[in-house]
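# Structure at a glance
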Amino acid sequence: MSKASNHSISILKEATAGTTPATPRFTKLPDARTTLAATKGDLTTERLEPGRFAAVPRTGARSVVGEIPADISDSAYELLIASGLQGTWSAKASPDTVDITIDSVVTAGIVEGDDYSTASGVVTFERIAGAQQEVRASYVEAGVTTNYEFNGLQTITIDGEDFVVTAYTAVGEVSTIKAASDRSSLSVLRHFSDLGGGKPYMLFAGCEVGTFNLSASANGLAKAVFSLVGQTGGTPLALASLPAGLSQAEPIDTLAFDTFSGDCKIDGVTSAEVTEYDFTIDNGLAEKFGIGVATGRQPSSGQSLGSGSITMYFEDSVLYEKFLSEASFSIEFELQDPIGNKLTVLLPKLVIAPGTQADVDGDTDITLPVNFTAHRDDTEGTHIKITRTGAIAS
């Protein structure tokens, strides 16, 4: 019997929608939960056979759908967020760096993506977290990839050369993303490591985030749900049937964001009255099928629709009056983890929807549910902007 503790899920960005890249480099997610699977709908026959027994039904073309839920954390879900917003993360401003002495030669200011050629292969520095004093690197030699992780001022020998970490910098790297029209698709690999029968893998291609939901309550963790629509995959596979040279980076294991370390701002003013929020970005993805094809094509995409709600203590009538006068407002949520990594979500132009009223049904504090839809703001040029800010080294 396969157990959840022996399941993992990995993702990578595709260059061509629906095609897993050659020699793919996947990154595991820190959370193994998912419902992503191949499904087939019912094809109801109208055949009426003689006798009392129903005709045998058929199933339709294969669909790939499912969700990836998450206690969202720093850096681990950036590809899914980008697909959900159909946007592109900006290059990191003031990126974290590391100084490494390689065989007695100092290489200062290494950033993510830098390479170093050894005698037999190539070392790529994939992740640098200066505040955590952590470096993750991969070494490729003759098509075989080996993962390395440096912690603190550590020395690791790779291909006969000593890599000695001597210093880190972390001044608060920043990158942003906005909802736009830049679609991106993912390949997703599920691995059931204890599954019998010799086919423990399922590989899905052409997966896009149809809806991206973010929710949180006071004194809790921020929750996200990424709902995926894919093109192909779901057949159980043996290791030999996966793309040649496939490798996996270990998950980015930063702690989940909480809701009490950051800020909440309404119209730019810090507020402590919000008790919970829930909003969704819906890309309007719809499956497409064609005659003579047993799998889906790239889904069609509609408008980016944002909607949600907040619940807040009824301390004043400002938002209720905005509802009555059809005035818009903005809200900004700042999520933070224990070492200071931050994710700031700005909804710059919200229109309050019906259902916003201060009902009383018992002897308790009155709360105001504020339902809203999100719309394009002229200054930001979008209806949602997310900013990731890295922790600063102490």
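Here is a short report on the structure shown in this document. (Residues numbered from 1 in each chain as written. Predicted model: local features only at pLDDT ≥ 70, side-chain atom pairs only at ≥ 80, totals over all residues. Heavy atoms only, no water.)

## Structural notes on the overall build of the protein
Just so we agree on the cut-off: The way it works is that DSSP assigns letters per residue, a run of H or I at least four long becomes a helix, a run of E at least two long becomes a strand, and they are numbered from the N terminus. When checking whether two residues touch, look at their non-hydrogen atoms; a contact exists if any pair is within 4.5 Å. Each accessible area value is a Shrake-Rupley result obtained with a 1.4 Å probe; residue values ignore everything except the protein chains displayed when judging cover. We score Asp and Glu as negative and Lys and Arg as positive, and we do not count His or the chain ends. By convention, charge coordinates are those of NZ in Lys, CZ in Arg, CG in Asp, or CD in Glu.
Across its full length, the protein carries two helices and 26 strands. For the protein, the spread of C-alpha atoms along the three principal axes comes to 75 × 70 × 40 Å. Partitioning the intrachain contacts of the protein with sequence separation of at least 6 by distance along the chain shows that 67% fall at a separation of at least 24. Of the roughly 19200 Å² that the protein leaves accessible, carbon and sulfur atoms contribute 51%. For the protein, the distance from the average position of its 27 positive side-chain charges to the average position of its 50 negative side-chain charges is 11 Å.

## Section: the pattern of salt bridges
For the record, the criterion: Every case where a carboxyl oxygen of Asp or Glu lies within 4 Å of a side-chain nitrogen of Lys or Arg is listed as a salt bridge. Only protein chains enter the accessibility calculation, which uses a 1.4 Å probe. A residue is then buried if its area is under 20% of the maximum for its type, exposed if over 50%, and partly exposed in between.
For the structure shown, the criterion picks out 19 salt bridges. The residue Glu112 makes a salt bridge to Lys92 at a minimum N-O spacing of 3.0 Å. Placement of the pair is Glu112 in the loop between strand E6 (105-110) and strand E7 (115-117) and Lys92 in the loop between helix H1 (78-85) and strand E5 (97-102), with a sequence separation of 20 residues. Residue Lys92 is classed as partly exposed on the basis of its relative accessible area of 27%. Between Lys92 and Glu173 there is a salt bridge, with the nearest N and O atoms lying 3.4 Å from each other. In this pair, Lys92 sits in the loop between H1 and E5 while Glu173 sits in the loop between strand E12 (161-169) and strand E13 (174-178), placing the two residues 81 residues apart along the sequence. Through salt bridges with shared partners, a single network forms among Asp74, Glu78, Lys92, Glu112, Glu173 and Arg388.

## Points about the sheet that holds E7
For clarity, the threshold we go by: In short, DSSP must find at least two bridges between two strands for them to pair. Only the contacting stretch of a helix is used when fitting its axis, a line to C-alpha atoms as for every element, and angles between N-to-C directions run 0 to 180 degrees.
What the four strands build is an open sheet, ordered E7-E8-E9-E10; its pairing is antiparallel. Every other strand in the sheet has two partners, leaving E7 and strand E10 (144-151) as the edge strands with one partner each. Each strand axis lies, on average, 25° off the axis of its neighbour in the sheet, ignoring direction. Bridge count between strand E9 (residues 134-141) and E10: eight bridges; the pairing is antiparallel.

## Some remarks on the pairing of E13
Burial along E13 is one-sided: the residues Ser175 and Ile177 are buried and none of Val174, Thr176 and Lys178 is. For E13 and strand E26 (residues 385-389), the ladder comprises five bridges, and the chain directions are antiparallel. The residue of E26 that forms the bridge with Ile177 is Ile386.

## Brief notes about the sheet that holds E12
Within a sheet, adjacent strands bond to each other through the backbone by hydrogen bonds, running parallel or antiparallel. The strand order across the open sheet formed by four strands is E6-E5-E12-E11, and the pairing between neighbours is antiparallel. In the strand order of this sheet, the two ends are held by E6 and strand E11 (155-158), each with one partner. Averaged over neighbouring strand pairs, the angle between their axes works out to 25° when direction is ignored. Inspection of the sheet shows E5 paired to E6 by four bridges, in the antiparallel sense. Residue pairing for E6: Ile100 is matched across the bridge by Thr107.

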